[in-house]
Every structure is written in structure tokens, then in C-alpha cells.
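# Residue-level structure breakdown
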Amino acid sequence: MSELASGSSAMSERARESSDRYEPGVLAALTDLNFDRSATPAVARFLYVVGLVLIAVGYVALVLLLFSRGLGLGVAALVGGAVAAVFSLLLLRVVLEFLVAVVRLSDDLRGGHRPVR
């Protein structure tokens, strides 16, 4: 049980250090003309939320449209669309995490930030 508690505290410490690294918001990072701050983490959060909303709206619209065309198409859209939506969300998440990891690696190699333990 203590391993679980120490793992949880280590994860929360990493999350706190990670959020301390990129405290400025999207607008502050985008308007940094000296390129002292990375805009990628803040933009990635924004893009993930936008992507999540667009995938959900697209899924609901597709299901409603195909149910209006017929019961069989609606059921197929309900099942197939859910699989496609989850896959799209997974792909979006992986791509955004990759971009954030590359930026953090670059920051760590530059010596601008402490590495996360």
C-alpha cells in the first residue's frame, strides 16, 4: 500500500513540476517574441479539447444522419462510428503527446529546465 501512495505522490510531484514549466497560457506563449517559452504544451491542450469536441459532434451528427436514412445504417453508424471516434481520439492524443515530448526533450537538452524524475 505504501508503494501505491509513494507512486501517487511521485506522479503528483511530476505533474506539478510539469505544470510549473509551462505556466503561461496559450496567448502568452504565442506572443513571446523572444521564443523563451514553448507554446506547444499550451497549444496541445487547446487542440486536444477542440479535437475532442469536433470528434464528438461529428460522431453524433453521423449517427443522427444515418438513423434518418434507415435503422440498419443508424446501428452501423452507432457501432462503427464509436470505433472510429475512439481511434481518432487515440491518434490525436498520441500525435499531441509526441509533439509535447519532443519540445520537452529539446528544453531539457538546452538546459532550460530540470529533468522530471
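A word on the overall build of the chain. Scanning the chain from N- to C-terminus turns up four helices and zero strands. For the chain, the sequential pattern of α-helices and β-strands runs α-α-α-α. The buried share of the chain, taken over its 117 residues, is 17%. Considering only intrachain contacts with a sequence separation of at least 6, the fraction spanning at least 24 residues in the chain is 56%. With an accessible surface of roughly 8,600 Å², the chain has 70% of that area assigned to carbon and sulfur atoms.

With that settled, the discussion passes to helix 3 (residues 40-69). Within an α-helix, residues lying three or four positions from one another point in the same direction, as the helix has 3.6 residues per turn. In this model helix 3 runs 42 Å from its N-terminal to its C-terminal C-alpha over 30 residues, within 8% of the 44 Å that 1.5 Å per residue would give. Inspection of helix 3 places Pro41, Ala42, Ala44, Gly51 and Val63 among the buried residues, and these make up the whole buried set. In this fold, the buried residues of helix 3 make contact with helix 2 (26-30) and helix 4 (71-110).

Contact geometry for helix 3 and helix 4: axes closest at 9 Å, N-to-C directions at 170°. Judged by the angle between their axes, helix 3 and helix 4 are roughly antiparallel. Broken down by class, the residue content of the contact of helix 3 with helix 4 amounts to 24 nonpolar, five polar and two charged.

The terminal C-alpha atoms of helix 4 lie 58 Å apart, and with 40 residues this matches the ideal 58 Å at 1.5 Å per residue to within 8%. Buried residues along helix 4 sit against helix 3. Trailing helix 4 by a residue or two, Gly111 shows a phi angle of about 85°, which is positive.

The next point concerns a nonpolar patch on the surface. Together, Phe87, Leu90, Leu91, Val94, Val95, Phe98, Leu99 and Val102 give the surface a local cluster of nonpolar side chains, amounting to about 770 Å² of exposed area. When you line up the elements, Phe87 lands in helix 4.

The next point concerns the pattern of salt bridges. Pairs can form between side chains of opposite charge whenever their charged atoms are close. Under the counting rule described, the total for this entry stands at one salt bridge. Here Glu97 ties to Arg93 by a salt bridge, and the two come within 2.6 Å at their closest N and O atoms. One end of the pair, Glu97, and the other, Arg93, are both in helix 4, four residues apart, so they sit about a helical turn from each other. Under the relative-accessibility criterion, Arg93 is labelled partly exposed at 39%.

Parameters and conventions
Residues numbered from 1 in each chain as written. Predicted model: local features only at pLDDT ≥ 70, side-chain atom pairs only at ≥ 80, totals over all residues. Heavy atoms only, no water. Helix = DSSP H or I, 4+ residues; strand = E, 2+ residues; numbered from the N terminus. Buried < 20%, exposed > 50% of the residue type's maximum accessible area, 1.4 Å probe, protein only. Contact = heavy atoms within 4.5 Å. Areas by Shrake-Rupley, 256 points an atom, 1.4 Å probe, with all protein chains shown as cover. Expected span 1.5 Å × (residues − 1). Axes fitted to C-alpha atoms, helices over the stretch in contact; angles between N-to-C directions. Parallel < 35°, antiparallel > 145°, perpendicular 65-115°, else oblique. Nonpolar A, V, L, I, M, F, W, Y, C, P; charged D, E, K, R; others polar. Patch = residues over 30% accessible without salt bridge, like charges linked within 9 Å, V, L, I, M, F, W, Y side chains within 5 Å. Salt bridge = Lys/Arg side-chain N within 4 Å of Asp/Glu carboxyl O.

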